Amino acid sequence: MNAQTHDIVIVGAGIAGLYALIRAQKQGLKAIVLERGSDIGGTWYWNRYPGARCDVESFDYSYSFDDELQQEWTWTEKYASQPEILAYIHHVADKYHLRDGVRLRTNVTAASWDEQNLLWTIATEENEHFVAPIVIMATGVLSTPKIPDFPGLDEFSGEVVNSAHWPERGVDFSDKRVAVIGTGSTGIQIIPEVAKDAAHVYAFQRTPSFSLPAQNRPLSVEDNQAVKRSYREFRERARNSMLGAWTDTHDTSALEVTAEEREAEFQRLYDYGSPMRFASAFNDLLTSEQANQTAREFVSSRIRERVADPNLAERLIPTGYGLATRRLCIDTGYYETFNRENVTLVDMREEKLEQITARGIRTSAREIELDVIVFATGFDAVTGTLTRMQITGTSGTLSEKWGHSPDSWLGVMVHGFPNMFVVTGPGSPSVSSNMFLSIEQHVEFISDLIADSRAKGYARIEPTAEAEQEWVAHSREVSDGTLMKDATSWYTGTNVPGKPRAVLQYLGGVDVYGAKLNHIQEEGYPGLERAAMREGAAA
Ligand code: N01
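Conventions and cut-offs
Residues numbered from 1 in each chain as written. Predicted model: local features only at pLDDT ≥ 70, side-chain atom pairs only at ≥ 80, totals over all residues. Heavy atoms only, no water. Helix = DSSP H or I, 4+ residues; strand = E, 2+ residues; numbered from the N terminus. Expected span 1.5 Å × (residues − 1). Buried < 20%, exposed > 50% of the residue type's maximum accessible area, 1.4 Å probe, protein only. Contact = heavy atoms within 4.5 Å. Near = heavy atom within 4 Å. Polar contact = N/O pair within 3.5 Å; in protein donor to acceptor, adjacent residues only side chain to side chain. Nonpolar A, V, L, I, M, F, W, Y, C, P; charged D, E, K, R; others polar. Pairing = 2+ DSSP bridges. Axes fitted to C-alpha atoms, helices over the stretch in contact; angles between N-to-C directions. Phe/Tyr/Trp six-rings, centres within 6.5 Å; stacked < 30°, edge-to-face > 60°. Lys NZ or Arg CZ within 6 Å of the ring centre and 35° of its normal. Parallel < 35°, antiparallel > 145°, perpendicular 65-115°, else oblique. Left-handed = near helix turned anticlockwise from the far one by under 90°. Lys, Arg positive; Asp, Glu negative; His and termini not counted. Salt bridge = Lys/Arg side-chain N within 4 Å of Asp/Glu carboxyl O.

A word on helix H4 (residues 82-95)
Line of reasoning, step 1. If you check H4, its first and last C-alpha atoms are 20 Å apart, about what 14 residues at 1.5 Å a residue would give, namely 20 Å.
Line of reasoning, step 2. Within the span of H4, buried status applies to Gln82, Glu84, Ile85, Leu86, Tyr88, Ile89, Val92, Ala93 and Lys95.
Line of reasoning, step 3. On its buried side, H4 packs onto helix H1 (15-26), helix H2 (43-46), helix H3 (67-72) and helix H15 (435-455).
Line of reasoning, step 4. After H4 finishes, the residue histidine 97 shows a positive phi value of roughly 55°.

Below, the structure is given as structure tokens:
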């Protein structure tokens, strides 16, 4: 085996992997990033479907580690589009000279730990091997799409596309008959865009989502200058917030105020257009069924106003789960799209998808002829990319371990997998926060820990089983107090058959979580076992 040796192998060249590379290079370490895509950008490279944009505001969804970078970049919209975010990531790669450190078209399939020599060997689909004492999995939380195995898919004679593997050449929908399957955040963005060009769009909905108008708008130079003048305080407030982005909300129960006050507050935040702010309008929307009901009723009424046909509106309004217990979406004209003559809702609760045929889709009610089928069916989120790799630690594989329960030490390390770091893994705030901030927080914690360990002569780092279980128990206790744990969605792993049910995020807040990381660092990393290289090991 002709292996290439490095100090650190980083897997994934998205926002996390690139920042991990910046930190490693600053520390003078020989690092390489392995990326399966044919370019950098991660999530924002793959998800290039029409209408793709972020649901976290642009000023928050950006790196904070370098003020020069903050000052030189200008955002053009409140919610940045996929091309703008990708351009930003490319700008960062150029500014910090990262491209030479990234190996593209390199798909990691396995990683195995050598306990004798304290080394990871990383294997790729291209049959290359990389050896390093440390591996950082910056593989993303929504990076393995879930593709349902509908019968007959291979027989379809038209074009099939997946939102998360969108062709770089684009897809021409003009005058086409198109099915979009899935009405989560992705489907909600795609459907209005495709409807503008297509002859007809059939929106296949199994579970309706709650969505708020994004109220997206262009950002002026003055908007940018105002934030640039106060970036220090802006970032500080974000770090000390529950969601990793400051929300202009107050700490009151929805049930303590009058109905008028509650309505006014919901309306104010609805008009602002932010899922984070709306879901934080009151402090008990995610813990009290009764409080949540008030928010559901408010948004349901708005949906009724947006959809002309009252029967159709009822089909688009979610029932049976709490607002924001599944991802609360934002949209640009989603509900209004159903007022168009060329858009039909196919409600899969009443009309089962029976078979994909050569000509289209046969449901229990009709045969729909199609030219294109778009899958927007979600992801095997948070753990799915890592469990698909053959990662072998000290006593078994990660897929065996997480096949029982996605346990980890603060979502950043896993007992049984020494020297392997995970950026925004299960048990960290990750997707229940501003991912950008959580990524920076993790990468900084990881690189500081690596630097500290190297300085002290430690070559092996592993969380103890007790520390891991303590964190898992705490995290579970927090999520058990919320309505999130009962929802069927990718947040709880219940969108993927056979995946263990568990809330995948730490719901205690970015502020609490950050304080915990800081405390661990200040106390010399309790919960971790750190050891020097054994005698006789290969240096
Ligand atoms: O995935 P989803 P997504 N038959 O899992 C349906 C982020 N994101 O890609 O709910 C029929 O939410 C499924 O139905 P059901 C964001 O964090 C952000 O849309 O399982 N339907 C559901 O309707 C988001 O939460 C942005 O009953 C099937 C849909 O497919 C996350 O990505 C934009 C099915 C999947 O929805 C994932 O969103 C886009 C089947 N067999 C994404 N299987 C922004 O920042 C699945 N479905 C704005």
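Remarks on the site of the ligand
Line of reasoning, step 1. The full set close to the ligand counts 24 residues, and Asp55, Thr186, Arg206, Thr207 and Arg326 are the nearest of them.
Line of reasoning, step 2. One of the side-chain N or O atoms of arginine 206 is found 2.8 Å from an oxygen atom in the ligand.
Line of reasoning, step 3. Each residue belonging to the shell around the ligand can be placed in one class, and the counts come to nine nonpolar, nine polar and six charged.

Some thoughts on the sheet that holds strand S6 (residues 119-124)
Two orientations exist for strands paired in a sheet by backbone hydrogen bonds: parallel and antiparallel.
Line of reasoning, step 1. Pairing is mixed in the open sheet, where five strands are placed in the order S1-S7-S6-S5-S19. One side of each edge strand has no neighbouring strand; the edge strands of this open sheet are strand S1 (3-5) and strand S19 (390-392). Within the sheet, the average angular offset between the axes of one strand and its neighbour, ignoring direction, is 20°.
Line of reasoning, step 2. Strand direction decides the pairing type here: S6 and strand S7 (residues 129-132), joined by four bridges, are antiparallel. Note on S7: the bridge partner recorded for alanine 123 is histidine 129.

Considering the pairing of strand S16 (residues 360-363)
A regular strand carries its side chains on alternate faces of the sheet.
Line of reasoning, step 1. Bridge count between strand S15 (residues 353-356) and S16: three bridges; the pairing is antiparallel. Note on S16: the bridge partner recorded for isoleucine 356 is isoleucine 361.
Line of reasoning, step 2. As consecutive antiparallel partners, S15 and S16 are separated by three residues.
Line of reasoning, step 3. Joining the antiparallel neighbours S16 and strand S17 (residues 367-369) is a turn of three residues.

Some thoughts on the sheet that holds S17
Line of reasoning, step 1. Here we have three strands laid out as an open sheet, ordered S15-S16-S17, and antiparallel in their pairing. Unpaired on one side and paired on the other, S15 and S17 mark the two borders of the sheet. For this sheet, the mean inter-axis angle between neighbouring strands, taken without regard to orientation, is 25°.
Line of reasoning, step 2. Pairing between S16 and S17: three bridges, direction antiparallel. What sits directly across from arginine 362, in S17, is glutamate 367.

Comments concerning the packing of aromatic side chains
Line of reasoning, step 1. Under the counting rule described, the total for this entry stands at 31 aromatic pairs.
Line of reasoning, step 2. When the ring of tyrosine 19 is compared with that of phenylalanine 65, the centres are 4.7 Å apart and the planes differ by 20°; the resulting orientation is stacked. Separated by 46 residues along the polypeptide, tyrosine 19 in helix H1 and phenylalanine 65 in the loop between H2 and H3 bring together distant segments of the chain.
Line of reasoning, step 3. An aromatic cluster is built from Tyr19, Trp44, Tyr61, Tyr63, Phe65, Trp73, Trp75, Tyr88, Tyr96 and Phe436, whose rings are joined through pairwise contacts.
Line of reasoning, step 4. The ring of tyrosine 45 carries the charged tip of arginine 48 above its face, separated from the ring centre by 5.1 Å.
Line of reasoning, step 5. Positioned above the aromatic ring of tyrosine 272, the side-chain terminus of lysine 78 is 4.6 Å from the ring centre.

Here's the deal with the packing of helix H8 (residues 259-272) against helix H10 (residues 289-306)
Line of reasoning, step 1. The geometry of H8 relative to H10 is characterised by a closest axis approach of 11 Å and an angle of 55° between their N-to-C directions. In terms of their interaxial angle, H8 and H10 are classed as oblique. Our pair here, H8 against H10, has a crossing hand that is right-handed. Between H8 and H10, the contacting residues are Arg262, Glu263, Phe266, Gln267 and Tyr270 on the first element and Thr294, Ala295, Phe298, Arg302 and Arg306 on the second.
Line of reasoning, step 2. In terms of residue class, the contact of H8 with H10 is built from four nonpolar, two polar and four charged.

With respect to the packing of H15 against helix H17 (residues 510-522)
Line of reasoning, step 1. Packing of H15 against H17 leaves a shortest axis separation of 11 Å and a crossing angle of 5°. Accordingly, the angle class assigned to the pair H15 and H17 is roughly parallel. Of H17, the residues touching H15 (which contributes Leu437, Ser438, Gln441, His442, Phe445 and Asp448) are Val510, Tyr513, Gly514, Leu517, Ile520 and Gln521.
Line of reasoning, step 2. Class assignment of the residues belonging to the contact of H15 with H17 gives a composition of six nonpolar, five polar and one charged.

Remarks on the pairing of strand S5 (residues 108-114)
Line of reasoning, step 1. Here S5 runs beside S6; their pairing, made up of six bridges, is antiparallel. Paired with serine 112 across the bridge in S6 is threonine 121.
Line of reasoning, step 2. When S5 meets S19, the two strands line up parallel, connected through three bridges. Note on S19: the bridge partner recorded for alanine 110 is glutamine 390.

Examining the side chain of aspartate 407
Line of reasoning, step 1. Residue placement: aspartate 407 occurs in the loop between helix H14 (398-404) and strand S20 (420-422).
Line of reasoning, step 2. No salt bridge forms around the buried aspartate 407; measuring N to O, its nearest opposite-charge neighbour arginine 476 is 4.3 Å away.

What about H1?
Line of reasoning, step 1. For H1, built from twelve residues, the straight-helix expectation of 16 Å at 1.5 Å per residue is met to within 8% by its first-to-last C-alpha distance of 17 Å.
Line of reasoning, step 2. In the segment just after H1, glycine 28 is the residue with positive phi, at about 75°.

Thoughts on the environment of arginine 476
Line of reasoning, step 1. Note that arginine 476 resides in helix H16 (residues 465-480).
Line of reasoning, step 2. As a C-alpha pair, arginine 476 and proline 208 span 268 residues in sequence and 27 Å in three-dimensional space.

Comments concerning the environment of valine 141
Line of reasoning, step 1. In this structure, valine 141 sits in the loop between strand S8 (134-137) and strand S9 (159-162).
Line of reasoning, step 2. The spacing of valine 141 and methionine 435 is 294 residues in sequence and 9.6 Å in space, taken between C-alpha atoms.

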